[in-house]
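# Geometric and topological summary
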Amino acid sequence: MRVKESTFFILPVVLVLLVIVIFPLIYSIYVSLYDYDLRKITIDFIGVRNYVEALSDERFRASLMRTGELVLMCVSAQYLLGLLLALSLYYHVDRFRNLIVTILSIPPMISPVVVGYMARLIFHPVASPINYFFELMGLPFRPLWHASVKTSLLTIFLADTWQWTPFMMLLLLSGLMAIPQEYLESARVDGASAWQEIKHVVLPLLKTISVVAILFRALDVLRIFDVVYVLTYGGPGTSTEVASFYVYITSFEYWRIGYGAALSWVLMIILSVLAMIYLKYVIKSF
């Protein structure tokens, strides 16, 4: 009787998952096997030709390289800055730590679309307050930020890093707070300096939470879309056209729904393989 009751309560959740998760996944595989183009009247079955085209698409490969570059930049900077903030709060701030953590937790709670519009104002090519500050300091350069091919990807990196460094900091700070004080006290009794304590005690104990934090942020940056859409729309040219944005314009601007579905599955397979390789390598290092 209890089993039947539990099944009755679980059934609505299963149905919701089937409708909003399982069915779209299966349908996207189905669509990816057809020449589903909204500019055409007929929809023809073409098998894996969309996937073959995706593997030979130079623009898609360029977007993947651009995405990989952004992942390396964002994850590296956010982890190092987040670790620095977490260590600073843990070792040097006690009285107002909760207040500071609360304030720093605001950026990750802001919608990426809002962050994109904020970045458009802050990094305006003509009326940028940052460029005005550079002028007051007497610095010679005035970047065009998201309006220039040379600095557009850097602008996205700065916006994403501002928003998500506090998230990395929160994860690492939680790991620091979970370290037993006995380990730190033993290191201090043995005469370890502050740097030796961090290097030989704190960082090894943060390895697990670091693996999770880096994986979360890497997967998040790999599918970045909102900030790119609002801030640069993939431009100037294709200088900020990341993989997820290319899938979007292929599907909803070029109207090639079938090819866009194939691109999304290729991207998902690449992400899954990279995540498995990363976890396998990290687990071996423990």
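The following refers to the structure shown. Fair warning: this is a prediction, and the values are worked out from it, not measured in the lab.

What counts as what
Residues numbered from 1 in each chain as written. Predicted model: local features only at pLDDT ≥ 70, side-chain atom pairs only at ≥ 80, totals over all residues. Heavy atoms only, no water. Salt bridge = Lys/Arg side-chain N within 4 Å of Asp/Glu carboxyl O. Helix = DSSP H or I, 4+ residues; strand = E, 2+ residues; numbered from the N terminus. Buried < 20%, exposed > 50% of the residue type's maximum accessible area, 1.4 Å probe, protein only. Expected span 1.5 Å × (residues − 1). Core = buried A, V, L, I, M, F, W, Y, C linked by side-chain atoms within 4.5 Å. Contact = heavy atoms within 4.5 Å. Polar contact = N/O pair within 3.5 Å; in protein donor to acceptor, adjacent residues only side chain to side chain. Phe/Tyr/Trp six-rings, centres within 6.5 Å; stacked < 30°, edge-to-face > 60°.

All right, on to the pattern of salt bridges then. In total, this model carries eight salt bridges according to the counting rule given. Measuring nitrogen to oxygen at the nearest pair gives 2.5 Å for the salt bridge that ties Glu241 to Arg59. Taken as a pair, Glu241 in the loop between helix H12 (226-231) and helix H13 (243-252) and Arg59 in helix H3 (residues 58-92) lie far apart in primary sequence, 182 residues in all. Residue classification places Glu241 among the buried residues on the basis of a relative accessible area of 3%. The partly exposed category is assigned to Arg59, whose relative accessible area is 32%. For Arg217, the salt bridge goes to Asp220, with nearest N and O atoms at 2.6 Å. Of this pair, Arg217 and Asp220 both sit in helix H11 (residues 207-222), three residues apart, which is roughly one turn of that helix.

Residues spaced three or four apart along an α-helix point in a common direction, a consequence of the helix completing one turn every 3.6 residues. The end-to-end C-alpha distance of H11, which contains 16 residues, comes to 22 Å, matching closely the 22 Å that a straight helix rising 1.5 Å per residue would cover. Every buried residue of H11 is accounted for by Ser210, Val211, Ala213, Leu215, Arg217, Ala218, Val221 and Leu222.

Core analysis: the biggest nonpolar cluster contains 37 residues, and Phe60, Leu70, Val71, Ile156, Val242, Tyr246 and Leu263 have the highest contact counts within it. When residues of this core are traced back to their parent elements, those giving at least two are helix H2 (49-55), H3, helix H6 (112-122), helix H8 (152-177), H11, H12, H13 and helix H14 (257-285). Once you skip the residues sitting within four places of it in the chain, Leu70 turns out to touch Leu153, Ile156, Phe157, Val221, Ile224 and Val242. Counting 21 residues, the second-largest nonpolar core is a separate cluster that includes Val101, Met169, Val202 and Ala213.

Another aspect to go through is the side chain of Ser152. Within the secondary structure, Ser152 sits in helix H8. On the basis of relative accessible area, Ser152 is assigned to the buried category, the value being 0%. Here the side chain of Ser152 touches Val149 through a polar contact of 3.5 Å, landing on its backbone oxygen.

Before going further, it helps to spend a moment on the packing of aromatic side chains. Within this structure, the stated rule accounts for 18 aromatic pairs. When the ring of Tyr90 is compared with that of Tyr91, the centres are 5.2 Å apart and the planes differ by 90°; the resulting orientation is edge-to-face. Taking the relative accessible area as the measure of exposure, Tyr90 reaches 12% and is therefore buried. Classification of Tyr91 as partly exposed rests on a relative accessible area of 29%. Relative to Phe134, the ring of Phe133 lies with its centre 6.4 Å away and its plane at 50°, an arrangement referred to as tilted. Phe133 sits in the partly exposed class, given a relative accessible area of 47%.

Once that is clear, we can look at unusual backbone geometry. With omega at -5°, the peptide bond leading from Gly235 into Pro236 counts as cis. Within the secondary structure, Pro236 is located in the loop between H12 and H13. Positive phi outside glycine occurs at Tyr233, with the angle close to 50°. Tracing the backbone shows Tyr233 in the loop between H12 and H13. The class of Tyr233 is partly exposed, set by a relative accessible area of 34%. One non-glycine residue, Trp255, adopts positive backbone phi at about 65°. Looking at the element boundaries, Trp255 is found in the loop between H13 and H14. Assessed through its relative accessible area of 40%, Trp255 is described here as partly exposed.

Below, the discussion takes up the environment of Leu215. Considering the arrangement of structural elements, one finds Leu215 in helix H11. Leu215 gets classed as buried once you look at its relative accessible area, which sits at 16%. Spatially, the C-alpha atom of Leu215 lies 19 Å from that of Leu84, the residues being 131 residues apart in sequence. Once residues lying within four places of it in the same chain are set aside, the contact partners of Leu215 are Ala275, Tyr278 and Leu279.

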